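# Structural overview
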Amino acid sequence: MITIEQKPGSAGWAHASSGWDALAMDGSVVHVRPLRPDDEEALKDLNHRVSDRSIYLRFFALDRRGADAQAHHLVAPPAADRQVALLAEVAGRVVGVGSFELIRAGEAEMAFLVDDVVQGRGIGTLLLEQLAAIAHERGIRHLLADTLAVNGPMLSVFTRSGFEQVHTLDQGVVELSLDTDYAPTGVDRMAERERAAGDQSLRRLLTPASVAVIGAGRKAGGIGHEVLANLVEGGFTGELFAVNPQAKEIEDITSYPSIGAVPGPVDLVVIAVPAAQVPAVLEECGQAGVGGVVILTAGFGESGPEGREIQRGLVATARKYGLRLIGPNCLGIANTAPAVRLEANFATVRPLAGTLALAAQSGAVGVAVLDHASRVGLGISEFVSLGNKIDVSGNDLLLHWWQEPRTDVIGLYLESFGNPRKFGRLARLVGRTKPVLVVKSGRSSSGRRAGASHTAAAATPDTAVDALFAQAGVLRMDTLEELVETARVLAGRPLPHGRRLGVVGNAGGAGVLAADAAETLGVEVPELSELTRKAMAEAMGTATAGNPTDLGAAASTEVLERAIKVSLASGEIDALLVVFAATRAGDVDETYAAIARAAAGATIPVVVNCLGAPDAAPQVELEDGGRLPVFPFPEGAVRALSQAMRYAEWRARPQGVVPALPDVDLDGARAVVAEFLAATPEGGWLDPHAAEQLMRAVGITIVPTASADDRAGAVAAGERLGYPVALKTAAAGVVHKTDVGGVHLGIADSADLGTAYDAVVAAVGDPHVVIQAMVPAGIELVAGLVRDPLFGPILMAGSGGVLTDLLADRRWCGVPLTDLDATEMVRSLRCAPLLAGYRGGEPADVPAVLEVLHRIALLAENLPEVTELDVNPLVATPAGAFAVDVKVHLAPAVSEPAAYTRRRS
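Reading the values: rules and limits
Residues numbered from 1 in each chain as written. Predicted model: local features only at pLDDT ≥ 70, side-chain atom pairs only at ≥ 80, totals over all residues. Heavy atoms only, no water. Axes fitted to C-alpha atoms, helices over the stretch in contact; angles between N-to-C directions. Helix = DSSP H or I, 4+ residues; strand = E, 2+ residues; numbered from the N terminus. Parallel < 35°, antiparallel > 145°, perpendicular 65-115°, else oblique. Left-handed = near helix turned anticlockwise from the far one by under 90°. Contact = heavy atoms within 4.5 Å. Nonpolar A, V, L, I, M, F, W, Y, C, P; charged D, E, K, R; others polar. Phe/Tyr/Trp six-rings, centres within 6.5 Å; stacked < 30°, edge-to-face > 60°. Buried < 20%, exposed > 50% of the residue type's maximum accessible area, 1.4 Å probe, protein only. Lys NZ or Arg CZ within 6 Å of the ring centre and 35° of its normal. Pairing = 2+ DSSP bridges. Expected span 1.5 Å × (residues − 1). Arc of directions from axis to C-beta. pLDDT = per-residue confidence, 0-100. Disulfide = S-S within 2.5 Å. Patch = residues over 30% accessible without salt bridge, like charges linked within 9 Å, V, L, I, M, F, W, Y side chains within 5 Å. Areas by Shrake-Rupley, 256 points an atom, 1.4 Å probe, with all protein chains shown as cover. Salt bridge = Lys/Arg side-chain N within 4 Å of Asp/Glu carboxyl O. Lys, Arg positive; Asp, Glu negative; His and termini not counted. Charge placed at Lys NZ, Arg CZ, Asp CG, Glu CD.

Another point: the packing of helix α18 (residues 557-570) against helix α19 (residues 588-599). Between α18 and α19, the least distance of the axes is 9 Å, while the angle of their chain directions is 25°. Comparing their axes, α19 and α18 come out roughly parallel. Every pair of crossing elements has a handedness; the one defined by α18 and α19 is right-handed. Only Glu590, Thr591, Ala594, Ile595, Arg597, Ala598 and Ala599 of α19 make contact with α18, whose side of the interface consists of Thr557, Leu560, Glu561, Ile564, Lys565 and Leu568. Taken together, the residues of the contact of α18 with α19 sort by class into seven nonpolar, two polar and four charged.

Within the secondary structure layout, Thr486 lies in helix α15 (residues 480-490). Ignoring any residue separated from it by four or fewer positions in sequence, one finds Thr486 in contact with Leu437, Leu475, Met477, Ala640 and Gln643.

Below, the discussion takes up the packing of aromatic side chains. Under the counting rule described, the total for this entry stands at four aromatic pairs. With 6.3 Å between their ring centres and 85° between their planes, Phe580 and Tyr592 make a pair best called edge-to-face. Note that Phe580 is positioned in strand β25 (residues 575-581) and Tyr592 in helix α19, a separation of 12 residues in sequence. For Phe580, a relative accessible area of 3% corresponds to the buried category. Positioned above the aromatic ring of Trp685 is the side chain of Lys887, whose terminal nitrogen or guanidinium carbon lies 4.7 Å from the ring centre.

To continue, consider the environment of Tyr182. Along the chain, the position of Tyr182 falls in the loop between β8 (173-179) and α6 (184-206). We classify Tyr182 as partly exposed; its relative accessible area is 25%. C-alpha of Tyr182 to C-alpha of Ala596: the two residues are 414 residues apart in sequence and 48 Å apart in space.

Turning our eyes to something else, we now look at the sheet that holds strand β31 (residues 725-729). On the basis of which strands lie adjacent, the open sheet formed by four strands has the order β30-β33-β31-β32 and antiparallel pairing. Only two strands of the sheet have a single partner each, and these edge strands are β30 (705-708) and β32 (743-747). Strand-to-strand twist across the sheet, computed as the mean angle between neighbouring axes with direction ignored, equals 20°. Both β31 and strand β33 (residues 769-773) contribute to a ladder of five bridges, which runs antiparallel. The partner of Leu727 across the bridge, within β33, is Ile771. Packed on one face of the sheet, helix α24 (residues 750-764) meets β31, β32 and β33 and runs near 20° to β31.

Attention now goes to helix α16 (residues 508-520). With 13 residues, α16 extends 19 Å between its outermost C-alpha atoms, agreeing within 8% with the 18 Å of an ideal straight helix rising 1.5 Å per residue. Buried within α16 are the following residues: Ala510, Gly511, Ala514, Ala515, Ala517 and Ala518. Buried residues of α16, seen end-on, are gathered within an arc of 165° and therefore sit on one face of the element. Those residues of α16 that are exposed and angled more than 90 degrees off the buried face are Glu519 and Thr520. The inward-facing, buried residues of α16 contact β23 (501-505), β25, β26 (606-611) and α20 (634-652). Count one or two residues on from α16 and you reach Gly522, which has phi positive near 75°.

On to the confidence of the model for the chain, then. Close inspection of predicted coordinates is inappropriate for parts of the model with low pLDDT. For the chain, per-residue confidence averages 89 on the pLDDT scale, and residues scoring 70 or more make up 94% of the total. In this model residues 1-16 is a low-confidence stretch, pLDDT under 50, and it forms 74 contacts with partners more than four residues away in sequence or in other chains. A low-confidence stretch, residues 445-456 stays under pLDDT 50, and its non-local contacts, those more than four residues away or across chains, total 35 contacts.

In this section: the pairing of strand β34 (residues 779-788). Among the 10 residues of β34, seven are classified as buried, and the element is accordingly described as predominantly covered. As paired strands, β34 and strand β37 (residues 866-877) are joined by seven bridges and run antiparallel to one another. Looking at β37, one finds that Val786 is bridged to Glu868. Relative to strand β35 (residues 792-799), β34 runs antiparallel, the two sharing eight bridges. In the strand pairing of β35, Gly784 is matched with Met796. As consecutive antiparallel partners, β34 and β35 are separated by three residues.

Disulfide: a covalent bond formed between the sulfur atoms of two cysteine residues. The final tally for this structure, using the stated rule, is zero disulfides. Not engaged in a disulfide, the cysteine Cys831 finds its nearest cysteine sulfur in Cys813; these two sulfurs lie 16 Å apart.

With respect to topology, seven strands assemble into an open sheet ordered β11-β12-β10-β9-β13-β14-β15, the strand pairing being mixed. Bordering the open sheet on either side are β11 (249-250) and β15 (324-326), each of which pairs with just one other strand. Where strand β9 (residues 210-214) lies against strand β13 (residues 268-271), four bridges are found, and the strand directions are parallel. Bridge assignment links Val213 to a residue of β13, and that residue is Val270. The sheet strands contacting helix α8 (residues 278-287) are β9, β13, β14 (292-295) and β15, and the helix crosses β13 at an angle near 170°.

Attention now moves to a negative patch on the surface. A grouping of Glu109, Asp146, Asp170 and Glu175 is seen on the molecular surface, where their side chains present a negatively charged patch. Tracing the backbone shows Asp170 in strand β7 (residues 165-170). Classification of Asp170 as partly exposed rests on a relative accessible area of 42%.

Of the consecutive residues Gly327 and Pro328, the connecting peptide bond is found in the cis state with omega at -5°. Looking at the element boundaries, Pro328 is found in the loop between β15 and β16 (332-335). Geometrically, the link from Val815 to Pro816 is a cis peptide bond, its omega value of 5° lying close to zero. Relative to the helices and strands, Pro816 resides in the loop between β36 (810-814) and α26 (819-827). With a phi close to 65°, Phe60 is a non-glycine residue in the positive phi region. One can find Phe60 in the loop between α2 (52-59) and α3 (64-75). The exposure class of Phe60 is partly exposed, given its relative accessible area of 34%. Residue Glu251 is not a glycine yet carries a positive backbone phi of 55°. Locating Glu251 in the fold gives a position in the loop between β11 and β12 (253-256). Accessibility expressed as a relative area gives 33% for Glu251, which makes it partly exposed.

Quick look at the structure:
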């Protein structure tokens, strides 16, 4: 299911009494909310409205009085903290209820009742997904249910849900235990249900059979008039209407005084009236049964508090009538499918038909991309200008385009995220079959926030975006031009099998520039084998050949064709760049034809760089209908190929698994957190002892530590731990302890320890210190997490110790953290060779380092109160990985955007 508003989180769902909206499998809107005390009569009405069979299947008897007693129990449970109940409403009427009640630690019993008139629309599955999410967040790992064996519909809900489960049959009753963890199969099935529901809800919006333009003026130049004209000129295949009470006909299209006067239901309405009129017009659209609305008008959320309030009203109206909204403050939409030919926008550029699906928050940016794409021959399948995206979002479109048959590549221009964690999950799923290219504005480091840990201080506003994109396989483009050029390489063409580039052509200088660009971008330009060099030399009619292969300015098209064929047949390259300079002695059309013949049937990408022919076609046409992109400069061609290589590598990589971790005491960890927040409700930093307890609870090996607040206590601690020891200040707020004279290492005896204590107190001015046993020599790393209010927890690994900030050698990743994610984080560090045993050194225990990262990820996912965690240094030795200095900041948990729902900003 697609959840339209924020799903309950562990910290805040119970307070969301107004609930949230979701899509049923038929695309209609279902409102889901927590049960309230005043819902008893509505529940009893449901009990008496459903059929006898439904009552029997739910309560194992035809007992409506017993059902009413259960309704009273749900609204007035004896122990509210042991029970969760959710209602499903359609058009304000209760049509379903789902609940679970704790029966023992980690297990709860669930039950459902759905109105007969809405059965088969996926409402039971929707309630199950939401209850399982709440149970998981509460630490309930199994939901139990007893279901009659003849209750096929309910058993189908359970078995098709994708959650792992165990069934037993006893005397006609199926006893079921459902695991609330998000297994890969369950996630995939939820995504497929979400996609199917979303497609149904967007069908009338994006592939309408009828369109009405409200606000279409009689004179050219007005937005409404131009949209109508664009629809007419674009050859829209369905019925077209204008709505203008002052006109009978506009652009030869019949005009009606209101949307209610238009004959028959209208699939899509484009609204181009002043902002003050939009709420009333939208209400009329809902009453008329319109399927979807595009609001072009500006002056809403982007204009200030009053506009945001009006905008919220628009969402409420759309929800009430179950219609989908694009905008407001947008350019419009386009669908180039021959059966639709929809140009519901006021852009001056009419896109070519093709395989790039494009969405942009900014109308101006959308126009720029459409213009550049048209100039270089790149066709569009669908275009959506999102505007303020109060309803339809980038996440919706990702799901829609995932299995849209006319779309090969997805391009997005985003200025903000509604629910980035969900975007990452969907992009990772979609990216397994289609590349996702994103230009995300806001790379500025001016938004760097101050933090009291190394991890938080290193996290810039863009850090989370890069971590999200890298993990999800999203290709982040620096510019709009790069998005278009990369899409040209990926659209309808084979993917590279590796990073080896071949360069061949008649322009030696361009070949050199291509090779230079390749090296900068991490693309290999390999030496050719002796056999291939010989074949190439024969094709050229010369004695030698290399890579890049310079055929000479006078090379004929026949020589070029043979050289391309040799390159493609060699099996020694993964992509080919053909560079040629147009001269008076040659013919561009003949050269294009030679390239087309040579590249026919190629199983690797082939791109072309044409120099000196500004009027040449932007692509080489192949006989099979395919096209080879032509670039004006070699560097741009190589850059686009490098992006395609990066995507191919990510796609070929196994997805990895989240490892099961032994020796984890989450209850113990929660107890540490609860005790601290009970004493410090506003949150703060754990003292060293509590931080050590938390680390040990999740299985992270921490160096034995003791605290002291005077000289005698420090010496006594040293005696207990055994020398040598280290002494560090425990003064609050000190991040760089070494810089203030707050660290003494290798203290050999009690006398030295006393002297060190005096020195630290004098330097820092605080008597609180920690004493630790010295760890074996090893590689100092840093590991930690910072919880972003929008992106959720972000993990960091990097070079540690006193050089952490100077080296800035760190990598970031979101959760869930798979084994491959963790390995890539560590392997990509500049200090990684040190871990492998540099210059004869003994290798460090890298698996132990990876395990620490996984345990931090587990802590992040299960304890939302942990807002910052910093392990610096984490010393990697041949004997294991040891946490030396740990800082943990706690705060009351807040509801975060979950990975399986949508959040509205």
